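Notes for the structure review
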There are 2 protein chains.
Amino acid sequence: MSTHAIHSDALAQKLADSGLRNTPQREVVYDALLTKRNHPTADEVFARVKTQLPGISLATVYNCLETLVQCNLVRAVNFERAPTRYCPNLHPHAHFHDETTGTTHDIELPENLLAKIKAILPPGYNANAIEITFRGKMPDSR
Amino acid sequence: MSTHAIHSDALAQKLADSGLRNTPQREVVYDALLTKRNHPTADEVFARVKTQLPGISLATVYNCLETLVQCNLVRAVNFERAPTRYCPNLHPHAHFHDETTGTTHDIELPENLLAKIKAILPPGYNANAIEITFRGKMPDSR
DNA sequence: GACGAAATTGGAATAATTCTAAAGAAGGCT
DNA sequence: AGCCTTCTTTAGAATTATTCCAATTTCGTC
């Protein structure tokens, strides 16, 4: 069984839950994110999936990514007006943006800290998403 | 002494610290942010300052806002590819983006919590900026 | 196998921001 | 005061990520 096929079941399931169809395009896009988890942009995903599905269009890549975000299989990560990046890590986590290399890295976010952060909201404020982003330098960015 | 003048001293000081000049354009842009602190976009700032300096250009508004950000007088706030908003609140704080109205609100961020958040970074990671953004619904957004 | 809905496609359109080159102000120096 | 250099502003063009559009294509269902 290929890596591709391993994930396609979970994908098909989530899509079905949302009343959406599974398609080759959605599979290769999702697979591209899972295979190399370095927060690619839509353009980068496009480049990757073209090798597997040469006829795919950039518009479709955008559509598929949006669909995956809607299904909660992928998170869209925005950083200071740079192109949106996509992240298949569903655990609660923050992002660290390395100024030197421009790369983005996941930072584990303990549940109890997440709770503490949510607790700073005044009563009545109801957050259904939190985004925490660091900018700075990493040990090995020379 | 006008509100305008009250702030222009601090502005002139910070600009001088960075080797930059004070100009009428920079003053009215900064004043526009201080007078109505509702996280305006560059376009909104442009609309405000035109009443005081009719000949000002949008490019200049962008330039001035960028200058104020460089001087650490203003923070640029980005939320999911929406136009950048500008915030003259220099205290450490998070942002809450109300899904219903599209408005952005400052949320006080206690120093010790900020320290705890920074502490999740692995050794060697050096953050010089943190951005924390909530998305959700506020009590009074009907 | 035909029908209707959903998905994909290429290209045009959008919109925030940045770039560019020229004109305008401002401070320093003699 | 006058000149020189540097910084700033300006208008408009350019850029670029993303979305929109209308026309196929695909797919599940009857």
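Look up a bit, the structure's there.
Residues numbered from 1 in each chain as written. Chains lettered and ligands numbered in written order. Predicted model: local features only at pLDDT ≥ 70, side-chain atom pairs only at ≥ 80, totals over all residues. Heavy atoms only, no water.

Considerations on the protein's contact with DNA strand D
- In the vicinity of DNA strand D there are 17 residues, among which A:Tyr62, A:Thr84, B:Thr23, B:Arg26 and B:Thr60 approach most closely.
- In DNA strand D, the atoms that sit within 4 Å of the protein are 79% sugar and phosphate, with bases accounting for the remainder.
- Within the side chain of B:Arg21, a nitrogen or oxygen atom sits 3.0 Å from a base oxygen of DNA strand D.
- Taking B:Gln25, its side chain carries an N or O atom lying 3.2 Å from a sugar or linking oxygen of DNA strand D.
- Elements supplying a minimum of two residues to the surface near DNA strand D: helix H4 (58-70) of chain A together with helix H2 (24-35) and helix H4 (58-70) of chain B.
- Among the elements that line the surface near DNA strand D, the one with the most residues is H4(B), at 3 residues.
- Classifying every residue of the surface near DNA strand D by side-chain character gives 6 nonpolar, 7 polar and 4 charged. (Near = heavy atom within 4 Å. Polar contact = N/O pair within 3.5 Å; in protein donor to acceptor, adjacent residues only side chain to side chain. Helix = DSSP H or I, 4+ residues; strand = E, 2+ residues; numbered from the N terminus. Nonpolar A, V, L, I, M, F, W, Y, C, P; charged D, E, K, R; others polar.)

With respect to the pairing of strand E5 (residues 126-137) of chain A
- Sheet topology note: the strand E3 (residues 93-98) of chain A/E5(A) ladder contains 4 bridges and is parallel. Paired with A:Phe96 across the strands is A:Phe134, a residue of E5(A).
- Relative to strand E5 (residues 126-137) of chain B, E5(A) runs antiparallel, the two sharing 11 bridges. Paired with A:Thr133 across the two strands is B:Glu131, which belongs to E5(B). (Pairing = 2+ DSSP bridges.)

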